[in-house]
Amino acid sequence: MSPIKLNIVRGDEAKGRNFIEYEIPYSEGISLLDAIFWIREHVDSSLSVRYSCRSANACKECMAMVDGKVQYLCSIRASDGQKVSIEPLKSRQWVKDLTTVME
Ligand code: FES
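Not measured: the values here are computed from a predicted model.

**Q** So what's going on with the overall build of the chain? Which residues, and what values?
**A** Scanning the chain from N- to C-terminus turns up one helix and seven strands. Summarising its shape, the C-alpha atoms of the chain cover approximately 40 × 30 × 25 Å along the three principal directions. For the chain, with 103 residues in total, the buried portion stands at 22%. By sequence separation, contacts in the chain at least 24 residues apart represent 47% of the contacts at least 6 residues apart.

Shown next as structure tokens:
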């Protein structure tokens, strides 16, 4: 198994935005939100992401742009060795990293 590479937007309005690449160990069935939790636990706890229901597709809080398409981070599964770019939703006001304002 090969690690997953996530290219994630970091920053805020004051600092500006940059893509930072993270390598996460791949495991069968890991979601992109799980991979982000792994980064928060092992690399940088300040990585900001919004979520609530985790995999029920009910809250819509984890919506983000994944390789340019709107996706739910909690339900999209990573594949072995995948490289993915993740950005905050363009249709919501940006707060920090992957966090946007919920209407
Ligand atoms: S965390 Fe609720 S839809 Fe993903």
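Back to the write-up after that little detour.
**Q** I'd love a proper account of the pairing of strand β2 (residues 16-24), names of residues and values included.
**A** Where strand β1 (residues 4-12) meets β2, nine bridges bridge the pair, whose relative direction is antiparallel. Of the residues in β2, the one forming a bridge with K5 is E23. In textbook terms, the turn of a hairpin is the stretch between consecutive antiparallel strands, and for β1 and β2 this stretch comprises three residues.

**Q** Let's hear about the pairing of β1: which residues, and what values?
**A** With four bridges connecting them, β1 and strand β5 (residues 83-87) associate as parallel partners. From the neighbouring strand, I8 faces β5, where its bridge partner is I86.

**Q** Tell me about the nonpolar core, and name the residues and values.
**A** L6, L32, A35, C62 and L73 are the most contacted members of the largest nonpolar core, which totals 19 residues. Within the residue set of this core, elements represented by two or more residues are β1, β2, α1 (32-42) and β3 (63-66). Ranked by the residues each element gives to this core, the list is headed by α1, at four residues. The residues touching L6, leaving out its near neighbours within four places in the chain, are Y22, I24, A35, V84 and I86.

**Q** Talk me through unusual backbone geometry; I want residue IDs and the actual numbers.
**A** One non-glycine residue, K60, lies in positive phi territory at about 65 degrees. Tracing the chain through its elements places K60 in the loop between α1 and β3. Owing to 13 C-beta atoms within 10 Å, K60 belongs among the partly exposed residues under this scheme.

Rules behind the numbers
- Residues numbered from 1 in each chain as written.
- Predicted model: local features only at pLDDT ≥ 70, side-chain atom pairs only at ≥ 80, totals over all residues.
- Helix = DSSP H or I, 4+ residues; strand = E, 2+ residues; numbered from the N terminus.
- Buried ≥ 20, exposed ≤ 12 C-beta atoms within 10 Å, placed from the backbone.
- Contact = placed C-beta atoms within 7 Å.
- Pairing = 2+ DSSP bridges.
- Core = buried A, V, L, I, M, F, W, Y, C linked by C-beta atoms within 7 Å.

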